[in-house]
Amino acid sequence: MSPHPIIILTFFVVFFSFFVLQSTRAQTLITPIRKDKSTNLYTLSVYLKTPLQRSKLHLDLGSYFPWHDCARHYSSSSSYRPIHGNTPLCDEMEPNVILNCFELARPSCANNSCGFYPENPAQPGPVSKLLLSCVNTTIFSKLLRGLAGGSVGVASLGRYNHSLPAQLSKSFSSPQIFAVCLPSSVKDPGSVWFNYPGPYYFSPGRMDLSKLLTYTPLITAPRGSDTQSYYYYPSPEYYLGLTSIKVSGKSIALNKTLLAIVELGLGGVKISSSKPYSELQTSILQALTDAFVKEAGRLNPAGC
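Quick caveat, the model's predicted, so the values are computed rather than measured.

## Some points on the overall build of the protein
When helices and strands are tallied, the protein shows three helices and 18 strands. Burial status across the protein gives 45% buried among its 304 residues.

See below:
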């Protein structure tokens, strides 16, 4: 898949504070998730910048780096700092791209700035140094298309050393552990727990959700085939080792090689928070549909 055209952006350091819902131990960060009625996708609510300004970011489990609209949805912040090229931090963003801007200096326009291609896919104190890509969406307006309504950027939770969970874990020298509880309706919020290995309590009643869950290992893919800009990076997505699909306890006939991840990162079964529905390869969908219709007819021969 071809990459995006070059996007002028900078990294910036912000005063970052989560909207506080509940904290049961030190260094735990909890922030609400809302389901967008128009897209059935999700937003994460955070407070960014100095002074604090509430922002809604599209929640994406499978992207590399968080980003924020620095053109149409940005006001001044005293803690804004561009990250310059040829610095150790920029080197970590391999391949680091050095960008220049020949207009009035502002967020998303700085000379010798470190560049990164953005993807469209309760704490005891503030996190004072969080990196986000600063994107000029007046030029690249397509980056906001299809995101959850009201989003001014993307909260990336993918497997990458500068994704949101990785940065927060590094800030508190804690394990890279997080949990996501997606809301089932637009009325009631879900939440994300960062730096919190459990148990995960649900109020009212203080029910420990971890005791009710069924677990399966997450696996990785060798390449980010579904990302548009960094398809040669290790994939940031979370995959499942699915080996079969059953209807009424019976495995359906399908090409099982399509369920596996090949060397270039194609295939496999991943978890996505940026699709409002399940997607299946055509032959798998047809096999599943045929098996479901056949079983439904067997259980209800009268068609009632």
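Structure shown, so let's carry the discussion forward.
## What about helix H2 (residues 164–172)?
Burial analysis of H2 places seven of its nine residues in the buried class, the great majority of the element. Inspection of H2 places Leu164, Pro165, Ala166, Gln167, Leu168, Ser169 and Phe172 among the buried residues, and these make up the whole buried set. Ser173, located one to two residues past H2, shows a positive phi value of around 50°.

## Section: the pattern of salt bridges
Applying the stated criterion across every chain, the model contains three salt bridges. Where Glu279 meets Lys275, a salt bridge forms, and the shortest distance between an N and an O atom there is 3.5 Å. We classify Glu279 as exposed; its relative accessible area is 52%. Residue Lys275 is classed as partly exposed on the basis of its relative accessible area, which comes to 42%. The shortest N-O distance in the salt bridge between Glu295 and Arg298 comes to 2.6 Å. Here Arg298 and Glu295 lie together in helix H3 (residues 282–299), a separation of three residues that amounts to about one turn. You can call Glu295 buried: its relative accessible area is 9%.

## So, a nonpolar patch on the surface
Side chains of Val262, Leu264 and Leu266 sit close together on the surface and give an oily, nonpolar patch of about 300 Å² of accessible area. Its location among the elements puts Leu264 in the loop between strand S17 (250–251) and strand S18 (269–271).

## Some remarks on the sheet that holds strand S14 (residues 218–219)
Read across the sheet, three strands follow the order S14-S15-S18 without closing on themselves; strand pairing throughout is antiparallel. Looking at strand neighbours, the two that pair on one side only are S14 and S18, the edges of this open sheet.

## Structural notes on the confidence of the model for the protein
Looking at the protein, pLDDT values average 76 and 74% of them are 70 or higher. Scored below 50 in pLDDT, residues 1–26 shows 141 contacts in the model against residues more than four places distant or in partner chains.

## Let's talk about the side chain of Ser63
One can find Ser63 in the loop between strand S4 (53–60) and strand S5 (67–69). In this structure Ser63 comes out as buried when scored by relative accessible area, which is 3%. A distance of 3.0 Å separates polar atoms of two side chains, one belonging to Ser63 and the other to Asp60.

## What to know about the pairing of strand S2 (residues 29–35)
Across the seven residues of S2, six count as buried, placing the element largely inside the fold. Relative to strand S11 (residues 190–194), S2 runs antiparallel, the two sharing five bridges. Its bridge partner lying in S11, Leu29 is registered against Phe194. Strand direction decides the pairing type here: S2 and strand S3 (residues 42–48), joined by three bridges, are antiparallel. Residue Lys35 lies in a different strand from S3, and its bridge partner there is Tyr42.

## Examining the environment of Ser235
Structurally, Ser235 can be placed in the loop between S14 and strand S15 (238–240). As a C-alpha pair, Ser235 and Gly158 span 77 residues in sequence and 8.5 Å in three-dimensional space. Of note is the side chain of Ser235, whose polar atom sits 3.1 Å from the backbone nitrogen of Glu237.

## Things to note about the environment of Ser171
On the secondary structure map, Ser171 appears in helix H2. A relative accessible area of 39% places Ser171 in the partly exposed class. When the C-alpha atoms of Ser171 and Leu130 are compared, they prove to be 8.7 Å apart, with 41 residues separating the residues in sequence.

## Focus: the nonpolar core
The biggest cluster of nonpolar side chains holds 20 residues, and the ones touching the most others in it are Leu44, Leu59, Ala155, Leu157, Leu164, Val192 and Phe194. Listing elements by their share of this core, those giving two or more residues are S2, S3, S4, strand S8 (127–135), H2 and S11. In this structure, Phe65, Ile83, Cys90 and Cys114 belong to the second largest nonpolar core, which totals eight residues.

## Notes on the pairing of S3
Among the seven residues that make up S3, six are buried, leaving the element largely enclosed by the rest of the structure. Taken together, S2 and the strand that follows it, S3, pair antiparallel across an intervening segment of six residues, in which Asn40 is found at a positive phi of about 60°. Sheet topology places S3 next to S4; six bridges connect them, and they run antiparallel. Considered in S4, the bridge of Ser45 is made with Lys56. Linking S3 to S4, which pair antiparallel, is a turn of four residues; within it Lys49 sits at a positive phi near 75°.

## Structural notes on the packing of aromatic side chains
Between two aromatic rings, the relevant description is the distance of the centres plus the angle of the planes. In the structure shown here, the tally under the stated rule is three aromatic pairs. Taken together, a centroid distance of 5.4 Å and an interplanar angle of 85° make the contact between Tyr64 and Tyr160 edge-to-face. Pair check on accessibility: Tyr64 and Tyr160 agree, each one buried. Of the aromatic side chains, those joined through ring pairs into one cluster are Phe178, Phe194 and Tyr238.

Rules and cut-offs
- Residues numbered from 1 in each chain as written.
- Predicted model: local features only at pLDDT ≥ 70, side-chain atom pairs only at ≥ 80, totals over all residues.
- Heavy atoms only, no water.
- Helix = DSSP H or I, 4+ residues; strand = E, 2+ residues; numbered from the N terminus.
- Buried < 20%, exposed > 50% of the residue type's maximum accessible area, 1.4 Å probe, protein only.
- Salt bridge = Lys/Arg side-chain N within 4 Å of Asp/Glu carboxyl O.
- Patch = residues over 30% accessible without salt bridge, like charges linked within 9 Å, V, L, I, M, F, W, Y side chains within 5 Å.
- Areas by Shrake-Rupley, 256 points an atom, 1.4 Å probe, with all protein chains shown as cover.
- Pairing = 2+ DSSP bridges.
- pLDDT = per-residue confidence, 0-100.
- Contact = heavy atoms within 4.5 Å.
- Polar contact = N/O pair within 3.5 Å; in protein donor to acceptor, adjacent residues only side chain to side chain.
- Core = buried A, V, L, I, M, F, W, Y, C linked by side-chain atoms within 4.5 Å.
- Phe/Tyr/Trp six-rings, centres within 6.5 Å; stacked < 30°, edge-to-face > 60°.

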